[in-house]
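# What the coordinates show
Read off the chains here:
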Amino acid sequence: MAYLVPAEFVTKMVDAGESKIFMSTRDTLIRSYMAGAILALAAVFAVTVAVQTGSFLVGSMLFPVGFIMLYLMGFDLLTGVFVLTPLALLDRRPGVTVQGILRNWGLVFTGNFLGALTVAAMMAFVLTMGFHLEPDAVGQKLAGVGEARTLGYAEHGVTGWMTIFLRGMLCNWMVSMGVVGAMISTHVSGKVIAMWMPIMLFFFMGFEHSVVNMFLFPFAMMMGGDFSVMDYLIWNEIPTVLGNLVGGLAFTGLTLYSTHYKTAPKRTLTAKTAESPVATLAKA
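Residues numbered from 1 in each chain as written. Predicted model: local features only at pLDDT ≥ 70, side-chain atom pairs only at ≥ 80, totals over all residues. Heavy atoms only, no water.

### Quick word on helix α10 (residues 188–204)
Compared with an ideal rise of 1.5 Å per residue, which puts 17 residues at 24 Å, α10 spans 24 Å between its outermost C-alpha atoms and is within 8% of the ideal. When the local axis directions of α10 are compared, the greatest deviation, roughly 25°, occurs at W196, which is followed within four positions by the proline P198. Of all the positions in α10, only G190, K191, A194, M195, P198, I199, F202 and F203 are classed as buried. Against α2 (25–53), α3 (56–62), α4 (64–72), α9 (157–181) and α11 (210–222) lie the buried residues of α10. (Helix = DSSP H or I, 4+ residues; strand = E, 2+ residues; numbered from the N terminus. Expected span 1.5 Å × (residues − 1). Bend = angle between axes of the 7 residues up to and from the residue. Buried < 20%, exposed > 50% of the residue type's maximum accessible area, 1.4 Å probe, protein only. Contact = heavy atoms within 4.5 Å.)

### Digging into the environment of A182
When you line up the elements, A182 lands in the loop between α9 and α10. Residue A182 is classed as buried on the basis of its relative accessible area of 13%. For the pair A182 and I193, spaced 11 residues apart in sequence, the C-alpha to C-alpha distance is 9.0 Å.

### Considering the layout of surface pockets
By volume, the largest pocket amounts to about 350 Å³. If you go around the largest pocket, you meet 18 residues; those closest to its centre are V47, F56, V145, R149 and F203. If you list the elements that add at least two residues to the lining of the largest pocket, you get α2, α7 (137–148), α10 and α11. Taken together, the residues of the lining of the largest pocket break down into 13 nonpolar, 3 polar and 2 charged. Its volume calculated, the second largest pocket comes out at about 250 Å³. Elements supplying a minimum of two residues to the lining of the second largest pocket: α1 (6–21) and α4. Among the elements that line the lining of the second largest pocket, the one with the most residues is α1, at 4 residues. Residue composition of the lining of the second largest pocket, by class: 9 nonpolar, 2 polar and 5 charged. (1 Å grid on protein atoms, 1.4 Å probe; cavity = no way out; pocket = protein on both sides within 12 Å on 5 of 7 lines; lining within 4 Å. Points joined across faces, edges and corners; volume = space filled by probe spheres on them. Nonpolar A, V, L, I, M, F, W, Y, C, P; charged D, E, K, R; others polar.)

### Considering the side chain of T128
Within the secondary structure, T128 is located in the loop between α6 (98–127) and α7. Of note is the side chain of T128, whose polar atom sits 2.8 Å from the backbone nitrogen of F131. Apart from residues lying up to four places away in sequence, T128 is in contact with L133, P135 and M223. (Polar contact = N/O pair within 3.5 Å; in protein donor to acceptor, adjacent residues only side chain to side chain.)

Next comes the structure, spelled out in structure tokens:
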């Protein structure tokens with residue numbers, strides 16, 4: 001497994017952020033649409049496995065297959081561009097502006113949402129035989145999750161909102177590690193292993209991922225979940241998006257960039273500080 005040292009893969013992170021900012025509208029929308037759709041399907045897969053086996057851990061161990069597939073195909077998630085594109089601005093790449101970053105985020109959000117919504121509609125139809133049957137165990141489980149992660153937070157007011165925000169931060173700390181993981185190896189096997197670990201962790205811990213939620217809550221509403229669009233936006237999607245942005249950028253993007261790309265100057269040792277501990281003890 002060929003491994004790239006941090007200085008090498010952080011350079012790739014900055015380069016990737018720059019390329020995404022200048023990508024055409026068409027390509028950005030297609031790639032983000034497919035990413036949202038694949039991640040949504042992986043969420044259905046993971047919940048189906050968890051329901052059928054009775055083990056959420058097993059479902060969590062298998063959920064990363066969707067993330068791995070979409071990144072190997074070069075598709076884009078909102079959580080990924082939150083981390084990569086600001087680095088190109090920090091590095092003062094020519095032509096990179098705040099407006100360009102916001103444009104990219106808006107297009108990726110739109111594409112991810114449309115892709116996730118498409119899979120939500122398709123799976124709702126499949127699991128209810130065209131809405132003629134009651135939701136099966138998987139549909140009921142997802143509907144319950146939708147209610148718990150909106151109205152359940154709303155019951156606690158500001159502390160509930162902050163809980164979602166912090167779960168969003170923790171989520172994209174791990175997810176962005178998966179994004180970086182795709183860059184630290186030149187072999188497919190190495191990429192898969194590096195992506196698998198943090199994605200499994202975030203899913204099992206129940207952290208909030210904005211793109212997964214773009215599927216989960218519309219699907220839950222189609223399955224009869226007793227909450228509104230505004231409940232979803234205010235008590236989940238908005239704080240989750242903000243938490244994903246802050247967590248991924250602060251814990252992964254900026255830390256790696258500042259210590260492996262824009263490293264601090266090396267210490268200058270004086271004669272006194274350079275003296276070995278043994279010599280110091282000998283003089284004592």
